Amino acid sequence: MFWEALPVDILDIDRIEVVRTPSVVFFGSVAITGVIHIFTQQPQDGDLKVSFGSQAGTGASNLQSDNRDLSMVQRGDVSFGIADKFRFRISGNYHLFSRFQDEYFLLNENRYASSDSLLFFKQNAFETNLNTKLARESLGLNAFVFYKHSENIALSTQLSFQESDVQTVLMDDTLALANRKSRTSRININAHVHGFHLNVSQSLSDRDYAAGYQGNNFRVSQTQVALNYAFNYKKLQILPGIGFFENQHTLLDRDNGLIPDNSRLVGYHAFTKVDAMILPKWRLMASIRGDVYEQTSSPYISYQIGSSFKIKNQLIRASYTYNEGLPLVRRFRQSISHFILPDINPNQIQATELGWNARILSKINTSLEVFHSKTTFSQAALSVLMPSSDILATNQVSFSQIGASVKAQAWFNKIQVEGFITLQRSGETFGDLQSDFLNNTAQFYGGVQLNYTGFLGKLNANIQTYFYEQYQFNTQYGEVIVPSRVLLNLMVSYEVWRENSVFINVRNLLNDNQREYAFGDDVSGMYLLGLKVNL
């Protein structure tokens, strides 16, 4: 899933939960490295409410080059109810962002070239890079229906549609940027009936991962069904569940010698979660899951155990997770189509985490997390990139990661401050963690946010900064170094009348032109003016 392909917008989101540890037990094999869980908003009453937000602006580099291409974000939603049991919400959003520069990086020549000269370097540039000024254009539409019959019976349905077109880095051709397009329709149904929870979702999407390149245009169909039941007895909860999923990729474009691909993956799973309060302050959680796939003969087993203990205003927690995932051969660009290696050991992740949370005084929260993980996955070499290719060799690759993260939140009258710092290192063995063996991700990064509310609650100022240290990675064109960076963002809003406000949104306030990823644009400051209307 790519961020631009999400149909929901910030107005649709109630909260976001990030699970950094492997979460196969609850979310399936796709969550072998963690989960970002997005919860959407629900209408709190049946009153008719209309909200609209708009902002538009341009980048500093565009102004300096007399380029007046605008970037904009439009969003709106309507919510209402019928009687006391039905709630409805309809939302839409549109994003349009222009690039910061009108040049493309030539991978073979290690330099930039202006967009009006691309045909000299790539004959079909008009097919692969049609709109040279576009960074992102996306549309999302959502319809939510909520029905609550009683405290024990509730039903919710989400219908969504999205369409997007972005330029993204593609490091296997002449030009470093390629267009990625997607169009998706989705339905998601949740039913809660006397302790039972049924989830059914279906999506159908057309995804062109690199427009103009053969073997990248797929139709993807995904179906998931899951059912669980919560059994509660005093301070014990047992949650058993079963599920089914089907994922199918169908290649839409053909090339001479490339066989149209129709990759299908079908799996079934069962899990059990136990949550018990052993003592008034001691909580113990354990879960286990088994996955069976039609293309394999042996099940894949994952389990997790965790515990927490509360001491006054402090909480100490620990967890251990073991996850097994499918060993796959990846085909085509950007690893978009796979088939299973049935006779190879499963991919494995073992993760251990220790945490400490504390409330200092009444207005300061702090937390400390220490984590370690070991990942083992299978690789396979193919003779050629075709579905009928023979596997030449398989081998297992392992690497470890260790790190710590510190977070703090504080409230001082009208000011709220929060921040975090993370240190991490990776290596093939535990001994490698003492050196800079794997430095293809930043080993030190963090962020700070300050929020101020004043003038009778009408003025709000939010300033954010995040930073990361230098890191590097290897490509077929050589070693690439991404320098360290500090990025500052600012948003100031003023409530004009009854929750109707105007605001200014500044991204990269320091306006330091610097590339955040290899072969991409130099990102300058961006200045957006906007308004928000609630009726």
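For the structure itself, consult the block above.
Remember, predicted model here, so these are calculated numbers, not experimental data. (Residues numbered from 1 in each chain as written. Predicted model: local features only at pLDDT ≥ 70, side-chain atom pairs only at ≥ 80, totals over all residues. Heavy atoms only, no water.)

Scanning the model with the defined rule gives 16 aromatic pairs in all. With 5.1 Å between their ring centres and 80° between their planes, phenylalanine 105 and tyrosine 112 make a pair best called edge-to-face. Site record: aromatic cluster; members linked through ring pairs are Phe80, Phe86, Phe88 and Tyr147. In this structure, arginine 99 packs its charged tip against the face of tyrosine 104, placed 4.6 Å from the ring centre. (Phe/Tyr/Trp six-rings, centres within 6.5 Å; stacked < 30°, edge-to-face > 60°. Lys NZ or Arg CZ within 6 Å of the ring centre and 35° of its normal.)

Locating valine 486 in the fold gives a position in strand E29 (residues 485-497). The partly exposed category is assigned to valine 486, whose relative accessible area is 45%. With 40 residues separating them in the primary sequence, valine 486 and glycine 446 have C-alpha atoms 9.7 Å apart. If near-sequence neighbours (up to four positions away) are discounted, valine 486 is found in contact with Thr465, Tyr466, Phe467 and Asp512. (Helix = DSSP H or I, 4+ residues; strand = E, 2+ residues; numbered from the N terminus. Buried < 20%, exposed > 50% of the residue type's maximum accessible area, 1.4 Å probe, protein only. Contact = heavy atoms within 4.5 Å.)

Located in the positive-phi region is lysine 312, a residue other than glycine, with phi close to 55°. Relative to the helices and strands, lysine 312 resides in the loop between strand E17 (300-311) and strand E18 (314-325). Positive phi values are uncommon outside glycine, yet arginine 498 reaches one of about 45°. You can see arginine 498 is positioned in the loop between E29 and strand E30 (500-507).

This part covers the pattern of salt bridges. Counted by the stated rule, this structure contains 22 salt bridges. For aspartate 12, the salt bridge identified is with arginine 89, shortest N-O distance 2.8 Å. Of the two residues, aspartate 12 is situated in the segment before strand E1 (13-19) and arginine 89 in strand E5 (residues 86-98); the sequence distance between them amounts to 77 residues. Exposure class is identical for aspartate 12 and arginine 89. Each is buried. Salt-bridge contacts for glutamate 151 lead to lysine 148; the nearest nitrogen and oxygen are separated by 3.5 Å. Residue class for lysine 148 comes out partly exposed when judged on its relative accessible area of 43%. The network of salt bridges with shared partners includes Asp12, Asp77 and Arg89. (Salt bridge = Lys/Arg side-chain N within 4 Å of Asp/Glu carboxyl O.)

A separate point is the pairing of strand E9 (residues 153-169). It is a general feature of regular strands that their side chains alternate between the two faces of the sheet. Here strand E8 (residues 134-150) runs beside E9; their pairing, made up of 14 bridges, is antiparallel. Note on E9: the bridge partner recorded for phenylalanine 144 is glutamine 158. What sits between E8 and E9 in their antiparallel hairpin is a turn of two residues. Where E9 meets strand E10 (residues 177-193), 17 bridges bridge the pair, whose relative direction is antiparallel. Within E10, the position partnered with glutamine 162 by the bridge is threonine 184. (Pairing = 2+ DSSP bridges.)

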